[in-house]
Every structure is written in structure tokens, then in C-alpha cells.
Amino acid sequence: MDRGIALIENHGVSGEMTSTKAAEPRSNRGVRAVVVDDSQFMRTLISDMLDAGGITVVETASNGERGVEAVKAHAPDVVTMDLKMPDVDGIEAVERIMAECPTPVLILSAYAADDAELTFEALENGAVDFFEKPSGEVSVGLQKQREVLVSTVRSVASVDVSAPERTVESGVSVSTDPHDPARYLERPTLVIGASTGGPTVVESVLSELPLEADLRILIVQHMPDGFTGRFAKRLDEASDYAVREATDGDRIGGGEALVAKGGSHLRVSGYGGGRLRVSLSDDEPVNNVRPAVDVTLQTAAAQIDGPLTAAIFTGMGADGADGVRDVNAAGGTVLVQDEETSAVFGMPQRAIETGVVDEVYPRSELATGVLNAITTEE
């Protein structure tokens, strides 16, 4: 992607919504989308790309207000949502859609620090996932990503955002004071892997992990470069752990966490004295992604001789399945998020299919599951 070419958009002068097809029963149709963007050029381009991928764009809208109206009128399967728009922006529009007519929303976010923060706010408001807008020449950038965009839109469309999160207890609970350091195994390491729907789950889990557990934490969230740094900052603010975006040659000890940098594989390159050393690489994508959970898990299993836990959260695809096999073979523990509370059950399901998963937890019990995995025998 060439980020050095200036973005020139034709915003158009009409604020009217453009309808292409009326709603019909889901059983009689394929995926239907509403495209919301204040740029006429982007609305046309995204609509053409989705149409070429077999997704019907039933309406486009030039701001959040009109986007909400379009969702109410057409009951689409998915919405692509711009962030910065006049009057009602994408943040407010997502909040209103989730409150008034719950529909899966995919944020289309520009490569910029302020847009990264807005993107995470939209995820907090209920958006399922985000897709990075190219910041180079738009028609070339998006055309190169068409297949990924269409695949992501289809994945987001499959999410049931109207289903309340399950709060059933897992049957396993922390039996002693979670803030007692003596209850935990020495020098434990946790590797988290997540994709679609993952950012809010990861943030929730880290916010619940006590510093007394003395974990070394590696986080691989499928996310492009430019967003992982902001994600790490949010996790740092939400957690007692010191969280930062990984750099090549970085080292961490207990109470610290690294987020894999977007566009780079995160490898565990050394372990000694309770400290991890990592390296970054731009090797070919694994499972069509970079960073890949499998790369981090497999190198962690090869290098770490202390307690190791792998946690696979919501996400599409099979990334992490090969890695959990290695963690299991190394004597580590594997836990995954359950189907009911996963936005997309692909990654957890593929991990379960390996036969090496030790526990399956709803979202509300994932942090407890991690602590149980590193609790000493009484």
C-alpha cells in the first residue's frame, strides 16, 4: 500500500440516501449491506467492491443520521461505517444503531492516530470489527484489498449482535484471594490470540488480571500497523500491567505485556531468569495474517520452560490451532472462549477441534480461567 500519495476525494453535494433495493426475507437473499460515508467517491467505490464480491448494497448514506434511517428502513445484514462525518458521526451512529436496531457494523477507519482512538470508541459502542482505509491512492489501495474487505464484511454480517452475552458460570472459580501472590505458580506466561471481536474482550480480560499473578503476557490481536500502538496504550490504561507495543529485541518480566505490532510476526526468541526476549519479523503471512498467533505460540512453546497458558478468543479463521498443539505438547494449558459469547467462533472452534483444549469459558469467566490455570495445587 502506497501511503505517500495524497488522498483526493470527490465528496459530492447531495446528502440524500441512495436506495438500490427494498428489504426482503433473509431466507430469500444473500448478504445485504448499507454503506455510510460522507465521501460520494468512497460510497461508490465501496459499493462497487461489495457488489463485485456478491454483496448487495441496499442503500448508501452520507452521514450517521441518514445511516441510522437506512438501517431502520432496510434491516440490512451489515453496515460499513465511516467515522468522521458531519452532523451525526460514526461513533454516535453505531451507538444509536445498537440501541434502536441492532445490526453488525464494520468500521472503515483511516490510518491516523486520532482515527485509531475513534475506532476503539466505536468498538466499545458495539461495532464488531474495523477495516483500515488505505491512506494512499484510494482506488488502487482498496482494489488490492477487495477480497479481504468482502471476506470481512461477510464475517461481520454473520455476527448476532442482538444476542445478550451469556453470564452462566463456568463451574470453575478462583478458590482463594486472587491478590495473594502465594497462590500462583512462579513465572507464568500467558499468550492471547484474538481477531474479529477481540479488542474489547482482550481489554476486559487484562483489566481483571491482578498484578500479583506476575504474568508475562504476549497479545496477538489481528490488527494493522498504526492501530496496535494505540491498542497497547488503551490496555495499559485499563490494566494494572505495564503494556506496550512490541519492538524488535524487547524484553519483559512479570507484570509486563507486549502487543504484537501490526504487520510483523512476534516471536519469542529467548527466555531466562523469568524474562522473555522477543523479535519481530516481516516473514510471509501465516494463515493469511501477520502477526499470526501460531508464530507466537509455537516459538513460546519452544523457548519457555516455565508455566505457559494459551488463550484463544473470538475471531475468524484457524490461526492459533497449530500453536495450541505445541503449547499442549510442551506441557502448557490451553483455554478458549465459548461459542455463545464469541463474535465469531472460528478461531476457538478450530482450537477445540485439535483435541488439546483444557477449558472453554464464556467471556465473563476468561480472566478467572487464566488465573485457575496458574494456581498452585492446594
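Rules and cut-offs
- Residues numbered from 1 in each chain as written.
- Predicted model: local features only at pLDDT ≥ 70, side-chain atom pairs only at ≥ 80, totals over all residues.
- Heavy atoms only, no water.
- Salt bridge = Lys/Arg side-chain N within 4 Å of Asp/Glu carboxyl O.
- Pairing = 2+ DSSP bridges.
- Helix = DSSP H or I, 4+ residues; strand = E, 2+ residues; numbered from the N terminus.
- Axes fitted to C-alpha atoms, helices over the stretch in contact; angles between N-to-C directions.
- Contact = heavy atoms within 4.5 Å.
- Patch = residues over 30% accessible without salt bridge, like charges linked within 9 Å, V, L, I, M, F, W, Y side chains within 5 Å.
- Areas by Shrake-Rupley, 256 points an atom, 1.4 Å probe, with all protein chains shown as cover.
- Lys, Arg positive; Asp, Glu negative; His and termini not counted.
- Charge placed at Lys NZ, Arg CZ, Asp CG, Glu CD.
- Buried < 20%, exposed > 50% of the residue type's maximum accessible area, 1.4 Å probe, protein only.
- Polar contact = N/O pair within 3.5 Å; in protein donor to acceptor, adjacent residues only side chain to side chain.
- Phe/Tyr/Trp six-rings, centres within 6.5 Å; stacked < 30°, edge-to-face > 60°.

Hey, could you run me through the pattern of salt bridges in this one?
Pairs can form between side chains of opposite charge once their charged atoms are near each other. Going through the model one piece at a time under the given rule, you end up with 15 salt bridges. Here arginine 230 makes a salt bridge to glutamate 237, at a shortest N to O gap of 3.7 Å. Through salt bridges with shared partners, one network takes in Glu117, Glu124, Glu203, Arg230, Arg234 and Glu237.

Honestly, the sheet that holds strand 15 (residues 333-337) in this entry has me stumped. Any pointers?
Each strand in a sheet pairs with another by means of backbone hydrogen bonds, the pair being arranged parallel or else antiparallel. Ordered in space as 9-11-8-7-14-15-16, the 7 strands form an open sheet in which the pairing is parallel. Where the open sheet ends on each side, the last strands, each with one partner, are strand 9 (242-245) and strand 16 (359-361). Taking the axes of each pair of neighbouring strands and ignoring which way they run, one obtains an average angle of 20° across the sheet. The sheet contact formed by strand 15 and strand 16 spans 3 bridges and is parallel. Its bridge partner lying in strand 16, glutamine 337 is registered against tyrosine 361. Packing against the sheet, helix 10 (residues 321-329) makes contact with strand 14 (308-312) and strand 15, and its axis sits at approximately 155° to strand 14. Where helix 12 (residues 366-373) meets the sheet, its contacts fall on strand 7 (189-194), strand 14, strand 15 and strand 16, and the angle it forms with strand 15 comes to roughly 175°.

Looking at this model, I keep getting lost on a negative patch on the surface. Mind explaining?
A cluster of acidic residues, Asp177, Asp180, Glu212 and Asp240, forms a negative patch at the surface. Structurally, glutamate 212 can be placed in the loop between helix 7 (198-208) and strand 8 (216-221).

Explanation requested: the environment of glycine 253 in the structure shown.
With respect to the helices and strands, the residue glycine 253 is situated in the loop between strand 10 (251-252) and strand 11 (256-259). Contact partners of glycine 253, with chain neighbours within four places excluded, come to Leu215, Arg216, Gly274 and Arg275.

Sorry, what's going on with the side chain of arginine 183 here?
Relative to the helices and strands, arginine 183 resides in the loop between helix 6 (146-157) and strand 7. One buried charged side chain, arginine 183, makes no salt bridge at all; its nearest oppositely charged neighbour is aspartate 180, positioned 6.3 Å away. Separated by 2.9 Å, the side chains of arginine 183 and tyrosine 184 make a polar contact.

Just to check I follow, could you spell out the packing of aromatic side chains for this structure?
A ring pair, where both rings are aromatic, is described by two values, the distance of the centres and the angle of the planes. Taken as a whole, this structure holds 2 aromatic pairs when the rule is applied. On the basis of an interplanar angle of 15° and a centroid distance of 5.7 Å, the ring pair of phenylalanine 120 and phenylalanine 231 is categorised as stacked. On the criterion of sequence distance, the pair formed by phenylalanine 120 in helix 4 (residues 113-124) and phenylalanine 231 in helix 8 (residues 228-238) is long-range, its members being 111 residues apart. According to the relative accessible area criterion, phenylalanine 120 is buried, its value standing at 3%. Ring plane angle 40° and centroid distance 4.7 Å describe the contact between phenylalanine 130 and phenylalanine 227, whose orientation is recorded as tilted. Pair noted here: phenylalanine 130 is in strand 6 (residues 129-132) and phenylalanine 227 is in the loop between strand 8 and helix 8, with a separation of 97 residues, a long-range link. Residue phenylalanine 130 shares its accessibility class with phenylalanine 227, and that shared class is buried.

No statement about biological role is implied by the geometric values presented.
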